[in-house]
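Each chain, letter by letter, is given below.
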Amino acid sequence: MSTFVKTAKTKIKRLPKRGSYDRETIYRIIDEALICHVGFTIDCEPYVVPTAIARVDNDIYIHGSRVSRMLKHLAQGEPACIVVTHIDGLVLARSGFHHSMNYRSVIIFGNGVPVVGPDKRNILDTFVERLVPGRLADIRPINRKELAATTVVKFELNEVSAKIRSGPPADDMEDYDLPVWAGELPLSMTKGKPVTDPDMRMEVPVPTYVKRYKR
Ligand SMILES: Cc1cc2nc3c(=O)[nH]c(=O)nc-3n(C[C@H](O)[C@H](O)[C@H](O)COP(=O)(O)OP(=O)(O)OC[C@H]3O[C@@H](n4cnc5c(N)ncnc54)[C@H](O)[C@@H]3O)c2cc1C
């Protein structure tokens with residue numbers, strides 16, 4: 001199916017015209033993200049933790065230390081709510097009330113499943129390649145100790161929604177006569193200049209995939 005099924009939990013009530021359940025739209029938003037925020041509760045206490053995210057097909061993956069509270073909790077299949085957010089710009093209106101942001105966000109509800117066996121290594125490699133495509137071919141492969149020290153949890157994408165705002169401010173009609181600049185200030189994440197590790201023990205040129213890295 002090209003869209004995710006809207007459920008009682010994912011039905012967007014507030015400004016539903018900004019909502020989307022389109023699979024490709026949701027995949028694109030997730031794939032552009034380096035991080036997500038994972039929400040879960042332990043003993044009725046809510047926690048929200050930022051962490052890296054990787055998508056493969058219709059699953060997303062979270063990884064981290066075997067002793068991480070979050071990973072231990074998620075690996076038990078406890079319910080989680082995972083959010084991906086991109087800020088595309090500031091929306092400057094003619095009143096404070098209508099100031100806003102242009103954004104793309106995804107909210108995922110689900111229960112995690114621990115990843116074991118050869119899939120675990122593949123997913124951990126995926127995390128590296130997602131950071132910088134081309135990197136995996138250059139680096140030392142993960143070893144047994146590192147594999148054992150790391151937990152990977154998979155969430156199948158089923159209960160998912162996206163919300164997207166774009167375009168100019170939406171002001172009150174009477175405010176359009178005000179002599180106030182209004183509009184959008186686009187924002188984006190850009191790469192800086194690579195900084196070579198001062199502890200490099202030999203001359204190694206900056207790889208092409210680093211020089212040409214694009215967000
Ligand atoms: C960068 C950014 C800044 C924002 N700033 C504000 C702000 O200052 N004030 C404000 O009120 N709102 C803001 N929003 C919108 C906010 O995320 C909520 O959509 C909104 O507050 C409505 O919340 P609700 O719980 O009433 O949503 P409801 O419509 O009741 O939510 C029902 C379901 O809709 C889906 N849903 C709701 N919001 C989102 C979303 N953002 N992305 C994907 N799915 C969603 C979820 O599945 C959710 O369970 C912002 C969003 C982003 C991404």
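Before any of the text, the structure's been laid out above.
Novice: Got a minute to help me understand the overall build of the protein in this structure?
Specialist: In terms of regular secondary structure, the protein is built from five helices and 11 strands. Judged by the C-alpha coordinates and their principal axes, the protein covers about 65 × 45 × 35 Å. Split into buried and exposed, the 215 residues of the protein put 20% on the buried side.

Novice: Which parts of the structure should I look at to understand the site of the ligand?
Specialist: Around the ligand sit 15 residues, and of these T10, K13, R14, S105 and K163 come closest. When residues of the shell around the ligand are assigned to their parent elements, the largest contribution, five residues, is made by strand β7 (residues 100-111). Of the residues that constitute the shell around the ligand, the class distribution is seven nonpolar, four polar and four charged.

Novice: Any chance you could explain the sheet that holds strand β4 (residues 54-56) here in plain terms?
Specialist: Backbone-to-backbone hydrogen bonds join strands into a sheet, with any given pair of strands oriented parallel or antiparallel. The sheet built from four strands is open, its strands ordered β4-β5-β9-β8 with antiparallel pairing. Both edges of this open sheet fall to β4 and β8 (113-114), since each of them pairs with a single strand only. Pairing analysis gives two bridges linking β8 to strand β9 (residues 150-156), with the strands arranged antiparallel. Residue pairing for β9: V113 is matched across the bridge by K154. Sitting on the sheet, helix α3 (residues 118-131) touches β4, β5 (59-65) and β9, and the angle it makes with β4 is about 120°.

Novice: For this particular structure, what's the right way to read the environment of L71?
Specialist: Within the secondary structure, L71 sits in helix α2 (residues 69-75). For L71 and V152, which are 81 residues apart along the polypeptide, the C-alpha to C-alpha distance reads 7.7 Å. Apart from the residues within four sequence positions on either side, L71 is in contact with G64, S65, T151 and V153.

Novice: What should I look at first to understand helix α1 (residues 23-32) in this one?
Specialist: By the burial criterion, the buried members of α1 are I26, I29 and I30. The buried residues of α1 occupy an angular sector of 95° when the element is viewed end-on, so they sit on one face. Turned more than 90 degrees off the buried face of α1, the exposed positions are E24, D31 and E32. Elements that come into contact with the buried residues of α1 comprise β4, β5, β6 (79-92), β7 and β10 (159-165).

Novice: Help me out: how do you make sense of unusual backbone geometry in this one?
Specialist: One non-glycine residue, L15, lies in positive phi territory at about 50°. Judged by the 9 C-beta atoms lying within 10 Å of it, L15 falls in the exposed class.

Novice: Help me understand the environment of Y61 in this model?
Specialist: Along the chain, the position of Y61 falls in strand β5. Exposure remark for Y61: the 22 C-beta atoms within 10 Å place this residue in the buried category. Put simply, Y61 and P198 are 137 residues apart on the chain and 33 Å apart in space, counted from C-alpha to C-alpha. When residues no more than four places from it in sequence are discounted, the contact partners of Y61 are A54, V56, V115, I123, V152, V153 and K154.

Rules of the game
- Residues numbered from 1 in each chain as written.
- Predicted model: local features only at pLDDT ≥ 70, side-chain atom pairs only at ≥ 80, totals over all residues.
- Helix = DSSP H or I, 4+ residues; strand = E, 2+ residues; numbered from the N terminus.
- Buried ≥ 20, exposed ≤ 12 C-beta atoms within 10 Å, placed from the backbone.
- Near = placed C-beta within 6 Å.
- Nonpolar A, V, L, I, M, F, W, Y, C, P; charged D, E, K, R; others polar.
- Pairing = 2+ DSSP bridges.
- Contact = placed C-beta atoms within 7 Å.
- Axes fitted to C-alpha atoms, helices over the stretch in contact; angles between N-to-C directions.
- Arc of directions from axis to C-beta.

As far as function goes, none of this settles anything; it's purely spatial.
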